[in-house]
Amino acid sequence: VGAGENASQQTVKCLANPSFAADIDSVVSCRQAVNTALLQGGSGGGATISVVVIQRPEATATMLGLGKLIVSGDGRIKLATIPHSIIGVVLSSGELDDKMAMHHAFRHVMQNIIGMPGMWVETAELTQFDNLDTVILASDVLWDNLYRGEVGGQVVHPSLEEVATFVLVFLSK
């Protein structure tokens, strides 16, 4: 098991513990506990993770590294978090546009991961999570290669065949 894989396994094991599944505060506590264990163990490994806790009518998203998107049934982006990459942060500040960010050499360099000193967990709350809303959690492989609008546009009432085609096309790129 490599250092990064170990960090991921510890995080998933912690989150799978029933005592951490109750609410968003427990998820944040879990991440902090794993981060402390990784730093004390000196493995040098790290992991990124996104979690969305849906307790209708609200959805609370936490992230550490990766961005996420919640799209409404009519295709509007209701919640978009900022990836904890160098370019994600610069893009959100308006210093780069989408096209420049998409082709930047550092677009996938992370600033914040579990296993890093000074790690922080970002939380965003959506107060109205509706029946037709869609949550998209994805790694930087998706966010570094497709614009948020492209991804959001694929979830507006798609047929199962359209979703399968979108996934297959994306995976083949």
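The rules behind each value
The residue numbers shown here count from 1 along each chain, following its written sequence. Predicted model: local features are reported for residues with pLDDT of at least 70 only, side-chain atom pairs are reported and counted for 80 or more only, and whole-chain, interface and lining totals are derived from all residues. Excluded from the side-chain calculations are hydrogens and water; all other atoms, namely the structure's heavy atoms, are used. In this description, a nonpolar core means a group of buried Ala, Val, Leu, Ile, Met, Phe, Trp, Tyr and Cys residues linked to one another through side-chain atoms lying within 4.5 Å. Only protein chains enter the calculation, and the probe is 1.4 Å; a residue is then buried if its accessible area is under 20% of its type maximum, exposed if over 50%, and partly exposed in between. Strands are runs of DSSP state E lasting at least two residues, helices are runs of H or I lasting at least four, and both sets are numbered from the N terminus onward. Paired strands are those between which DSSP finds at least two bridges. Each axis is a line fitted through C-alpha atoms, taken for helices only over the stretch in contact, and angles between the N-to-C directions span 0 to 180 degrees. Confidence scores per residue from the predictor, reported as pLDDT, run from 0 to 100. Any two residues whose heavy atoms approach within 4.5 Å at even a single point are treated as in contact. For salt bridges, the criterion is a side-chain nitrogen of Lys or Arg within 4 Å of an Asp or Glu carboxyl oxygen. Expected helix span is given by 1.5 Å per residue-to-residue step, counting one fewer step than there are residues.

A. A look at the nonpolar core. Leu15, Val34, Ile49, Val51, Leu64 and Ile114 are the most contacted members of the largest nonpolar core, which totals 17 residues. Sorting the residues of this core by element identifies helix H1 (3-16), helix H2 (24-41) and strand S1 (49-55) as the ones contributing at least two each. With six residues, H2 is the largest single contributor of residues to this core. Residues Ala59, Ala61, Ala124 and Phe129 belong to the second largest nonpolar core, which totals eight residues.

B. Quick look at the environment of Gly41. Considering the arrangement of structural elements, one finds Gly41 in helix H2. Remark: the alpha-carbon pair of Gly41 and Gly115, spanning 74 residues in sequence, is separated by 9.7 Å.

C. View of the sheet that holds strand S5 (residues 122-126). As summarised here, the arrangement of the three strands in space is S1-S2-S5, forming an open sheet in which the pairing is antiparallel. Two strands in the sheet have a free side with no partner beyond their single neighbour: S1 and S5. Ignoring strand direction, the axes of neighbouring strands in this sheet form an average angle of 15 degrees. Direction of pairing for S1 relative to strand S2 (residues 58-64): antiparallel, over a ladder of seven bridges. Opposite Ser50, over in S2, you have Met63 as the bridge partner.

D. Quick look at the confidence of the model for the protein chain. Of all residues in the protein chain, 77% attain a pLDDT of 70 or more, and the chain-wide mean is 74. Element-level pLDDT for the protein chain is lowest in helix H7 (residues 160-172), with a mean of 48, against a maximum mean of 83 in H2. In the model, residues 163-173 has pLDDT below 50 throughout and makes seven contacts with residues more than four positions away in sequence or in other chains.

E. Structural view of the pattern of salt bridges. Overall, the coordinates contain two salt bridges when judged by the stated rule. For the salt bridge of Lys78 with Asp130, the shortest nitrogen-to-oxygen distance reads 3.0 Å. You can see Lys78 sitting in strand S4 (residues 77-80) and its partner Asp130 sitting in the loop between S5 and strand S6 (134-137), a full 52 residues away along the chain. Assessed through its relative accessible area of 22%, Lys78 is described here as partly exposed. Under the relative-accessibility criterion, Asp130 is labelled partly exposed at 32%. The shortest N-O distance in the salt bridge between Asp133 and Lys78 comes to 2.8 Å. In this pair, Asp133 sits in the loop between S5 and S6 while Lys78 sits in strand S4, placing the two residues 55 residues apart along the sequence.

F. Spotlight on unusual backbone geometry. Between Arg56 and the following residue, Pro57, the backbone shows a cis peptide bond with an omega angle of 10 degrees. Inspection of the secondary structure puts Pro57 in the loop between S1 and S2.

G. Spatial organisation of H2. Counted at 1.5 Å a residue, the expected span for H2 with its 18 residues is 26 Å, and the 26 Å between its end C-alpha atoms agrees. Every buried residue belonging to H2 is among Ile24, Ser26, Val27, Val28, Cys30, Arg31, Val34, Asn35 and Leu38, and all of these are buried. Taken from the residues just after H2, Gly42 is the one with a positive phi, measuring 65 degrees.

H. Broad picture of the environment of Gln111. Relative to the assigned elements, Gln111 resides in the loop between helix H4 (98-102) and S5. Overall, the relative accessible area of 34% leaves Gln111 in the partly exposed class. When the C-alpha atoms of Gln111 and Leu64 are compared, they prove to be 9.5 Å apart, with 47 residues separating the residues in sequence. Residue contacts for Gln111: discarding those within four places in its chain leaves His84, Ser85, Ile86, Val89, Met116 and Trp120.

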